[in-house]
Amino acid sequence: MMKKELKVIGKSTKKLDGKARVSGQAVYGHDIELPNMLHGSILRTKYPCAEIISIDTSKAEVFEGVECVITANDIDVNNISYKRDHPILKKGTVNCNRDEIAAVAARNKEIADKAIQLIEVKYKVKDGIYDPFEALKDDAPRVNEFGKGAEKFGNKNIAESFHYEHGDLEGQKAKSKVIIKKSYELPRVTHACMATSNITADFNQLDGRLTLWSSTQVPFLYQRDIAHALKMAPSLIRVIQPIIGGGFGSKLDMHPFEPICALLSIKSGKPVQILFSREEEFILSPTRQPMVIELTTGADENGKFTFREVEIIKDNGAYTSWGATTPFVMMQTYSSLYQVPACKFDSHAIYTNNPFAGSFRGYGNPQATFSIETNIDLMAEELGMDKGEIRLINANYKGEITGQGLIYKTCGAIPALETVIRKSGFDQIVNEPKTGRYLRGIGLGSMLHVGGGAKIYRSDGCGTILKLDDYGYLTIVTGSNEIGQGSETVLAMIAIEELGIPMDKIKVINTDTDVKPWDVGVHASRTSFVAGNSLLGAIKLLKEKLNSKASELLDIETENWDYMDGKMYFGEFEINLDKVAREIHFGPPHELCTVSYFYEPPSSFQDKEYKGDVSGNYAFASQAIEVEVDTVTGNINVLSVHVSQDVGRVLNPIGLQGQMEGGVATGAGYALTEEMIYEKGMLKNPSFHGYKLLTTTDMPPVHFYPIETYDEAGPYGSKGAGEAPLIPTAAAIANAVSNALGVRFYSLPITAEKVLKALSEKKNELKLERVYFKMSVET
Amino acid sequence: MKIAFKINGKSITKEVRPSLLLIDLIRDVLKLKGTKPGCLEGECGACTVIIDGYAINSCLYLAINVNGKEITTIEGLSGTKSPLHKTQEKMIEHGGVQCGFCTSGMIMTTKAFSDKCIAEGITPTRDEVKKSLEGNLCRCTGYVKIIDAAEAVYEN
Ligand code: FES
Ligand code: FES
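What you see is a predicted model; the values in this text were computed from it and never measured.

Cut-offs used in this document
Every chain's residues receive numbers from 1 upward, in the order its sequence appears when written. Here every chain gets a letter starting at A, and every ligand a number starting at 1, in the order they are written. Owing to the predicted nature of the model, reporting of local features is limited to residues with pLDDT of at least 70; listing and counting of side-chain atom pairs is limited to 80 or more, with chain, interface and lining totals taken over all residues. Values reported for side chains reflect all heavy atoms of the structure, with hydrogen atoms and water molecules removed beforehand. Note on conventions: DSSP H or I runs of at least 4 residues are helices, E runs of at least 2 residues are strands, and numbering of each starts at the N terminus. Relative accessibility decides the category of a residue: with a 1.4 Å probe and only protein chains considered, values under 20% of the type maximum give buried, values over 50% give exposed, and everything between is partly exposed. Every residue pair with non-hydrogen atoms within 4.5 Å of one another is taken to be in contact. Every accessible area reported is derived by Shrake-Rupley at a probe size of 1.4 Å, with residue values counting cover from the shown protein chains alone. The positive count covers Lys and Arg only, the negative count covers Asp and Glu only, and His and the chain ends enter neither. Think of each charge as sitting on NZ of Lys, CZ of Arg, CG of Asp or CD of Glu. Two strands pair if DSSP finds at least two bridges between them. Inter-axis angles, ranging from 0 to 180 degrees, are taken between N-to-C directions of lines fitted to C-alpha atoms, where helices are fitted over the stretch in contact. The domain limits used here are those given by an automatic or database domain assignment. By buried area we mean the combined loss of accessible area, with a 1.4 Å probe, across both parts when two parts are placed together. By convention in these notes, a salt bridge is any Lys or Arg side-chain nitrogen within 4 Å of a carboxyl oxygen on Asp or Glu. Counting of polar contacts relies on pairs of N or O atoms within 3.5 Å, with two restrictions inside protein: one atom must be capable of donating a hydrogen and the other of accepting it, and residues adjacent in sequence are counted only when both atoms are side-chain atoms. The pairing test for Phe, Tyr and Trp rings, Trp by its six-membered ring, is centres within 6.5 Å, and the orientation test on the planes gives stacked under 30 degrees, edge-to-face over 60, and tilted for anything in between. By definition here, charges over rings are those cases where NZ of Lys or CZ of Arg is within 6 Å of the ring centre and within 35 degrees of the ring normal. In this classification, the charged set is Asp, Glu, Lys and Arg, the nonpolar set is Ala, Val, Leu, Ile, Met, Phe, Trp, Tyr, Cys and Pro, and all remaining amino acids, among them Gly, are polar.

Helix and strand counts for chain B come out as five helices and five strands. For chain B, the α and β elements follow one another from N to C terminus as β-β-α-β-β-β-α-α-α-α. Dimensions of chain B along its principal axes, counting C-alpha atoms only, are 45 × 30 × 30 Å. Taken over 156 residues, chain B has a buried fraction of 57%. Partitioning the intrachain contacts of chain B with sequence separation of at least 6 by distance along the chain shows that 57% fall at a separation of at least 24. Total accessible area on chain B stands at roughly 6500 Å², and carbon and sulfur atoms take up 51% of it. A distance of 6 Å separates the average location of the 20 positive side-chain charges in chain B from that of its 18 negative side-chain charges.

All names here are of chain A. Taken in spatial order, the seven strands make up an open sheet running β3-β5-β1-β12-β9-β10-β11, and their pairing is mixed. The sheet is open, and its two borders are formed by β3 (66-71) and β11 (237-240), each paired with just one other strand. Taken pair by pair, the neighbouring strands of this sheet meet at an average axis angle of 20°, ignoring direction. Here strand β1 (residues 38-44) pairs with strand β12 (residues 272-275) via two bridges, running parallel. By the bridge assignment, His39 is partnered in β12 with Gln273. Helix α3 (residues 109-117) contacts β1, β3, β5 (100-106) and β12 of the sheet and is inclined by roughly 25° relative to β1. Along the sheet face, helix α7 (residues 219-230) touches β9 (198-204), β10 (209-214) and β11 and points at about 140° away from the line of β11.

Next up on the list: the domain arrangement of chain B. One widely used convention gives an interface's size as the accessible area the parts lose upon coming together. Residues and elements named next belong to chain B. Domain boundaries assigned for chain B yield domain 1 (2-73) and domain 2 (86-152). A C-alpha centroid distance of 21 Å is found between domain 1 and domain 2. Every contact between the two is made by 16 residues of domain 1 and, on the other side, 10 residues of domain 2. When the buried area of domain 1 at its contact with domain 2 is split by residue, Lys36, Thr48 and Ile50 rank highest and sum to 38% of it. Where domain 1 meets domain 2, there are zero salt bridges. Across the contact surface, domain 1 and domain 2 share three residue pairs in polar contact (both at pLDDT 80 or more). Secondary structure elements with two or more residues in the side of domain 1 that touches domain 2: β3 (48-51) and β4 (54-57). It is β3 that provides the largest number of residues to the side of domain 1 that touches domain 2, a total of three residues.

Next up on the list: the packing of aromatic side chains. All names here are of chain A. Enumeration according to the criterion identifies 18 aromatic pairs over all chains in this entry. An angle of 65° between the planes, with centres 5.6 Å apart, marks the rings of Tyr184 and Tyr746 as edge-to-face. With a gap of 562 residues between them, Tyr184 in strand β8 (residues 178-186) and Tyr746 in the loop between α19 (729-741) and α20 (752-778) connect regions that are remote in the sequence. Joined through ring pairs, the aromatic side chains of Phe162, Phe328 and Tyr610 make up one cluster. Taking the ring centre of Phe360 as reference, the NZ or CZ of Arg288 above it sits at 4.1 Å. Its end group placed over the ring of Tyr670, Arg288 keeps NZ or CZ at 5.2 Å from the ring centre.

To continue, consider the sheet that holds strand β25 (residues 636-646) of chain A. Residues and elements named next belong to chain A. Pairing is mixed across the open sheet formed by four strands, whose spatial order is β16-β24-β25-β28. The sheet terminates laterally at β16 (438-450) and β28 (702-707), the two strands that pair on one side only. Taken pair by pair, the neighbouring strands of this sheet meet at an average axis angle of 15°, ignoring direction. Both β25 and β28 contribute to a ladder of six bridges, which runs parallel.

All right, on to the domain arrangement of chain A then. Residues and elements named next belong to chain A. Domain annotation for chain A reports domain 1 (18-25 + 461-599), domain 2 (32-126 + 194-246 + 251-284) and domain 3 (291-454 + 607-757). Just the C-alpha atoms count here: the centres of domain 1 and domain 3 sit 38 Å apart. Listed per partner, the contact involves 17 residues of domain 1 and 20 residues of domain 3. Both sides of the domain 1 and domain 3 interface together cover about 1200 Å² of buried area, and 63% of this is carbon and sulfur. Remark: the boundary between domain 1 and domain 3 carries two residue pairs in polar contact (both at pLDDT 80 or more). Contributions of two or more residues to the side of domain 1 that touches domain 3 are made by α15 (487-499) and α16 (527-554). A total of six residues in the side of domain 1 that touches domain 3 trace back to one element, the largest contributor, which is α15. Class assignment of the residues belonging to the side of domain 1 that touches domain 3 gives a composition of seven nonpolar, seven polar and three charged.

Dropping the structure here:
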């Protein structure tokens, strides 16, 4: 694809609704107040694993201001979750610290919270099982009574398994000069969206319709899921999305509090709102998958990779969320990040009495990438090879069809790597002598991620309706939604580019399932790609109408009108866009300037062996990160981050750069500070005080070098970009710390404590070596 | 208890219970929803408002303590006629807003800090600007653009 000169695309454009968001006018879920609205509160279990002997709600029911109380006995519902193994309200047993036992709706939040305390639950506490390896043992109790592990996977506590392979594994092993086998442990971390989870439900008893103000990322799947849960017809449920205060994957699954809120509204006949406190948010919102990865990799004497063999045990927690499907992404990374002649992948998600994980920006990829990039460094060290060189000779390339069947029609992997190596001064820093209290190191990490959606549902498409009114204003009704990532702005930019309508005459409507056309939702870095292509399709239809009317009005024969500044141009002819729209409306054919288009990406489903070209295109990126480690305190200071990413084409530079910086910040937190500390199923640090996010003073400069490969599948050649910047950050930081200190870390986060421990172990080893050396000299 | 205070330039007298938090007075009683509840534990800064020139976390402050004081919330920075305040303009211009939930707090902190610096005739260094925002968490942006925006307030 050739680079076409564009007017707006590629130029930094301010956020479409920026003014509302800086002035306090934007309405988030927390800000909604409806007439007669009640406030809900949920009683959760005291113990992560117990039998419920009895629930007594009588005191709560008569508490002044309480309007209704529900328990599992009062409701007729279906289980929820990806595997439908999750009861909305629990009876019989509780299986993790999040488990919902009863819910109250009351006049205000304070009353609801007090009423919850009045509910008496008698438990028979059980030991519970908190280690997935323990849960796999024959004598372990069955954690989830709805799990189908015994029939499907040969173990009652396996929630989901994946097996994948390609190539001649044994042959490639035989070819290997070096084989590295390591075990990695990844922590449980959380999205920590600045706005806590929330929902407002309003059931209208007159017409049986339910309206939900919900911050889901996937409104149409959500509508279907909640309808299934409540045994309602999906079309009776209207999902309205208020402005969302952070998503990052946390709002892909529907969680019990959402149908619970709907049930409270159905029962009370009034609108009900549930808002989480920050503590609840830490305890209840989904997390990234904690997992143990055992990775074996090989390379031949030239450093060419030969094979990867990986076995993953994931802590599924008590119920199964979308998070159980992260292996779709992980197997892609193991099979196809760098050239991999042979690969064998096994992963098992194991039920435990821990809380369940969900989806999180990167979707398993940061974990996989950390293990792969560490193994690569180790192989380079063993072969005596340069760490940049080993990556470059194995890097993905344009035209490659990977063992899994991904087709790289464009690929910026090599230029991305070369760029960060050069710009960061990698060769010099990596080899400089490491002495003194403060040690500097640098590390590399690369990543592969879907760039054009991912076919995981029967449709990965998005609909668009366009309405050009009599005055030349354009309304874009898009199925896709904005969760802060800036997709609305990109859509408006596309409309400006194509139709020459100025920004202040463009409206984007995207928050109401009763109005907008279908879309699968915000995930897999797909929005600009899929919604952008959908919009382009709709614009083409709109232009056909406008072109033929304009030609008719000016009595010329052409289909090649240019659109600029609210006008249409052809040679010396020009006509106002609004005039053409009015003529279509008020003159023959008496139509409105309204069109509708549905775009389905060309990606295909994987086959039974998980092979196939699942995405419209693929994004590649590398990061080189420089750190300084204080060997006295163990503190790691990230000095600078160099990111180069194949984004296909830059659409909105300022928005894209913001995605880079935000992704790197979360990735750096994953590498260095963030960890949810669980003891026997209970969270010990449910606050920002105990769970450390990076702050302004921790944040390094982020140097970003986009690589433009102009991929034909994406709008103007672009690829999805939102998740990528987070993915290789932890890997690159871990490699940098190891370069500085000469010790390796196989678990995250790399805390000061871990650094000091590793340094003292290294010292002891050196001492021992010296003693042995002395002894051998003396004898 | 009866308290009298000024908020966004308007004098108000209110009967409040002694345990009422300032954030609840602002959001629930006065219905100014631009001040955001991110944690209600004094850890995130989303609820920052300015009282007599100082940026404070309204979730840690009792409403009764505003008696006789002057509060500015995010709504006080832009009126129906007046355009956005410079701190707001810069935030948009530099791309410091993604989801926007932290934005009110970031802007109020920046406003208090820059008012003080400008009054004292100081242009702070980038590190000082960063330090001034250390108590404000953001999960979306990685802070760089927010810091850029807060620095740009000192440009002429
Ligand atoms: S809400 Fe006040 S500091 Fe977080
Ligand atoms: S912009 Fe989302 S938390 Fe800062």
